[in-house]
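Structural overview
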Amino acid sequence: MDKFDVIIVGGGLGGLECGFILSKNGLKVCVLEQDVQTGGCLRSFYRGNSLFDTGLHYVGGLDEGQSLHRLFHYFGLLDLPWHRLDESGFDEVVIGRQSWLMANGYERFTDTLAQSFPHEHRSLKTYAAFLKQVSGHLFDAFGQQNKDELFTSSLFTRSAYDFLNETIDDPLLRKVLSGTSLKMELNAETLPLYIFAQINSSFIESAWRLKGGGGQIAERLTDQILAMGGEVRTGAKVTRMAEQNGMLSIIEVNHHEQLTSKWVISNAHPAYTLSLIDETKMLRRIYRRRITSLTNSFGAFTANIQLKPNSLPYTNRNIFIHGKDTDLWRFNQDDPVSSVLVSYYVPDNDGDYASSIDLLTPMSWSRVEPWKNKPLGNRGNDYTAIKAACAEACIELVSGHLPALKDSIDKVYTSTPLTYHSYTNTVEGAAYGIRKDYKQPMYTILTPRTPIPNLLFTGQNLNLHGMLGVSVTSFFTCAEILGMDVIRQELNIL
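I will try to describe carefully the structure that is included in this document. (Residues numbered from 1 in each chain as written. Predicted model: local features only at pLDDT ≥ 70, side-chain atom pairs only at ≥ 80, totals over all residues. Heavy atoms only, no water.)

Observations regarding empty space enclosed by the protein
All chains considered together, the criterion is met by four cavities of 30 Å³ or more. Roughly 110 Å³ of internal volume is contained in the largest cavity. Along the walls of the largest cavity sit Met184, Glu185, Thr190, Leu191, Pro192, Ile195, Ser297, Tyr432, Ile434, Arg435, Lys436 and His465, which together make up its complete lining. Residues belonging to the lining of the largest cavity are distributed by class as follows: six nonpolar, three polar and three charged. Estimated volume of the second largest cavity: approximately 80 Å³. Along the walls of the second largest cavity sit Phe90, Asp91, Met102, Phe109, Tyr127, Leu177, Thr180, Lys183, Asn200, Phe203 and Ile204, which together make up its complete lining. At three residues, the largest contribution of residues to the lining of the second largest cavity is made by helix α8 (residues 193-205). Its residues assigned to classes, the lining of the second largest cavity comprises seven nonpolar, two polar and two charged. (1 Å grid on protein atoms, 1.4 Å probe; cavity = no way out; pocket = protein on both sides within 12 Å on 5 of 7 lines; lining within 4 Å. Points joined across faces, edges and corners; volume = space filled by probe spheres on them. Nonpolar A, V, L, I, M, F, W, Y, C, P; charged D, E, K, R; others polar. Helix = DSSP H or I, 4+ residues; strand = E, 2+ residues; numbered from the N terminus.)

And the structure:
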């Protein structure tokens, strides 16, 4: 029976980053990934001649001194082919027939929007200054004696929706500031202010696409783990975990191979993780019920579109298109498509025309749940019809702003939360993990620790999602093994 210092369940970003940190510190690590390639939602894939991404569309804060730069410098990811988005407008928000640009840099961000909302100039300065302050204190939690303060701080217990309404008087400006909403799940009843502020702030700092696909991140981390003596096994599905003497001692892979380890880190959804563990007194029923009853965020429908050559000009920004009357803070699964993110891929030849784009819109699990037990690729005509109708609705909404789109389309490939669930085991295909609730932070915001002393969680389900959130969380998970003093040294935090 192979024995390791740490077994990591799931080769997505959080699992690979934990594998990197621990391998770098001399531990014998084994990352187990059920799919044929690592990456999870970082996976890249081909449809026809076009390369598409599963989940990565852009990142924020990669310039020196910014939020993500320090983390990606540590992981050796800064020299990948990052492509800076237009600093004068990295995002464009379209509401009805009007549009607004989101500019990089807090002062430019404020001044650009103030051209359309001069009466809110002072409030915009207040808004931007607050976001900047939150971003500037991202690493403070690594110096706190009580690490749980990161997850239960006052900003996790404040409402993002209330903050926006208290800071900005103009309802249209509030809608514009909410218009880049597909970076997170806007929910007026639950979203903590910390998540809203930290994620939005990182993109105002700087915004980037990765030319050639997000799979490069997974490949780089995988190669570095192997180079440091760790193991990364693909096609290795964890099918059972068993506790003995108060510790997880047996990790079963593909129903037949058994591994053992001092520590186990799960990058999988906590509810899915618990489903793998045999009944044990260490996991009381009340804890299992708590984890399995947590509400998940909504998922996303994606239309991956292959374009005809030289037909649609490349746009070096993201475009968020919303219907005039869309309530961005209250998603209704029964409403027709009313919000779409248009995400371009950087042309391989750095030319003037895009070769492919993605259209994304929110989609609830309930829309696709009836087909959850059907095999991938053979879910029937009704499921195919839902996807086709949703793709058509997305294209129709976007064409009102990009009239050249319809005639530029060569082929359309679609995916739903069920697709995401099938490939990544994400419970309910949730795009942003477990829904965090500012009214119940101790219940919905999880720490890495579990009732089983050698089992830890990591990944987007704990506190903050996205590239930034998952990367920060990986260090907090590894601190449970290495100690926070080692983590501070690793990140050069004095």
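Focus on the environment of Ser44
Examined against the element boundaries, Ser44 turns out to sit in strand β3 (residues 44-47). For Ser44, a relative accessible area of 13% translates into the label buried. Aside from chain neighbours lying at most four places away, what touches Ser44 is Gln37, Leu51, Phe52, Asp53, Gly213, Gly214 and Gly215. Within the structure, the side chain of Ser44 is placed 3.3 Å from the backbone nitrogen of Gly214, a separation counted as a polar contact. One polar contact links the side chain of Ser44 to the main-chain amide nitrogen of Gly215, over a distance of 2.9 Å. (Buried < 20%, exposed > 50% of the residue type's maximum accessible area, 1.4 Å probe, protein only. Contact = heavy atoms within 4.5 Å. Polar contact = N/O pair within 3.5 Å; in protein donor to acceptor, adjacent residues only side chain to side chain.)

Quick word on the sheet that holds strand β5 (residues 59-60)
Strand pairing in a sheet is mediated by backbone hydrogen bonds. Such pairs are either parallel or antiparallel. Strand order in the open sheet formed by three strands is β5-β9-β6, and the pairing between neighbours is antiparallel. Two strands close off the open sheet at either side, each with one partner strand: β5 and β6 (82-84). As paired strands, β6 and strand β9 (residues 207-210) are joined by three bridges and run antiparallel to one another. Its bridge partner being in β9, His83 is matched across the sheet by Arg209. (Pairing = 2+ DSSP bridges.)

Here we look at the packing of helix α1 (residues 13-24) against helix α9 (residues 215-227)
Running from N to C, α1 and α9 point in directions that differ by 30 degrees, and their axes come no closer than 9 Å. The pairing of α1 with α9 is recorded here as roughly parallel in orientation. You can see that α1 and α9 cross each other, and the crossing is left-handed. Along the contact surface, α1 presents Leu13, Leu16, Glu17, Gly19, Phe20 and Ser23, while α9 presents Ile217, Ala218, Leu221, Thr222, Gln224 and Ile225. (Axes fitted to C-alpha atoms, helices over the stretch in contact; angles between N-to-C directions. Parallel < 35°, antiparallel > 145°, perpendicular 65-115°, else oblique. Left-handed = near helix turned anticlockwise from the far one by under 90°.)

All we've got here are geometric facts, nothing functional implied.
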